[in-house]
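# Structural overview for review
If you want the building blocks of each chain, they are given just below.
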Amino acid sequence: MKQRIARIALVVHDYDEAIEFYTKKLDFKLLEDTRMSDTKRWVLVAPPGGEECCLLLAKAANVRQQTSVGNQTGGRVFLFLYTDDIQRDYQKMQERGVNFVQPPRKEEYGTVAVFEDLYGNLWDLLEANN
């Protein structure tokens, strides 16, 4: 049997502001934006070169979901964005106004920096050791 994770739902306040952040600040590609109803869209974004697993931007539809925006993991790092050049991406993202809560640091497994998305979800930007 072969399985894989293909989509990760990320609860957002607004489709367009989330698309803007991911495509303009992080260089993600907008893979799909299909209107499902007057209030719901199917929006997929993925990092360049990494379309095998993408984010499904899901607009919060009720109070419970709205309280989860920006805190889907209770304050822990939620997502891990691997890169082939952390210094390049760290500098570019900083110039674009992405908030890094921890600058790049060396770890046993590689170099990692922690940043927040537009809602406060924490991400690791990670360049793994070869």
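Structural data are supplied above this passage.
Computed from a prediction, not measured in an experiment: that's the story for all the values here. Chains are numbered independently. Their residues run from 1 in the order of the written sequence. pLDDT decides what is reported in this predicted model: residues at 70 or higher carry local features, side-chain atom pairs at 80 or more are listed and counted, and totals for whole chains, interfaces and linings draw on all residues regardless. The basis for every side-chain value is the complete set of heavy atoms in the structure, and neither hydrogens nor water enter the calculation.

### Examining the sheet that holds strand β8 (residues 122-128)
Strands sit in the order β5-β8-β7-β6 across an open sheet of 4 strands; the sheet is mixed. Each edge of the sheet is formed by a strand with only one pairing partner; in this case those strands are β5 (77-82) and β6 (100-107). Direction aside, the axes of adjacent strands within the sheet are offset by 20° on average. Only when DSSP finds a minimum of two bridges between them are two strands counted as paired. Per the convention used, a helix needs a DSSP run of H or I reaching at least four residues, while a strand needs a run of E reaching at least two, with both numbered from the N terminus. Here 5 bridges tie β6 to strand β7 (residues 110-116), and the two strands are oriented antiparallel to one another. Residue pairing for β7: Arg 105 is matched across the bridge by Val 112. Comment: axis = line fitted to C-alpha atoms, over the contacting stretch for helices; angle = value between 0 and 180 degrees taken between N-to-C directions.

### Focus: the nonpolar core
By convention a nonpolar core is built from buried Ala, Val, Leu, Ile, Met, Phe, Trp, Tyr and Cys residues, the set being connected through side-chain atoms within 4.5 Å. A simple rule labels every residue: compare its accessible area, found with a 1.4 Å probe on the protein chains alone, to the largest value its type can have, and call it buried under 20%, exposed over 50%, or partly exposed in between. Tyr 22, Leu 55, Leu 57 and Phe 115 are the most contacted members of the largest nonpolar core, which totals 29 residues. Elements with a minimum of two residues in this core: β1 (7-12), α1 (15-25), β3 (41-46), β4 (54-59), β5, α3 (86-95), β7 and β8. A total of 5 residues in this core trace back to one element, the largest contributor, which is α1. The residues contacting Phe 115, other than those within four sequence positions of it, are Leu 26, Leu 81, Met 93, Val 98, Asn 99, Phe 100, Val 101, Asn 121, Leu 122, Trp 123, Asp 124 and Leu 125. Note on contacts: a residue pair qualifies if any of its non-hydrogen atoms lie within 4.5 Å across the two residues.

### Topic: the packing of aromatic side chains
Only Phe, Tyr and Trp rings take part, Trp by its six-membered ring, and two of them pair if their centres are within 6.5 Å. Stacked means planes under 30 degrees apart, edge-to-face means over 60, and tilted covers everything else. For the coordinates displayed, the defined rule picks out 7 aromatic pairs. Look at Phe 21 and Tyr 22: their rings are 5.1 Å apart centre to centre, the planes differ by 85°, and that puts the pair in the edge-to-face class. What makes Phe 21 buried here is its relative accessible area of 7%. For the pair Tyr 90 and Phe 100, a centre-to-centre distance of 4.6 Å together with 70° between the ring planes defines the contact as edge-to-face. Of this pair, Tyr 90 sits in helix α3 while Phe 100 is found in strand β6, placing the two residues 10 residues apart along the sequence. For the pair formed by Tyr 90 and Phe 100, the shared burial category is buried. Among the aromatic residues, those joined into a ring-pair cluster are Phe 21, Tyr 22, Phe 28, Tyr 90, Phe 100, Phe 115 and Trp 123.

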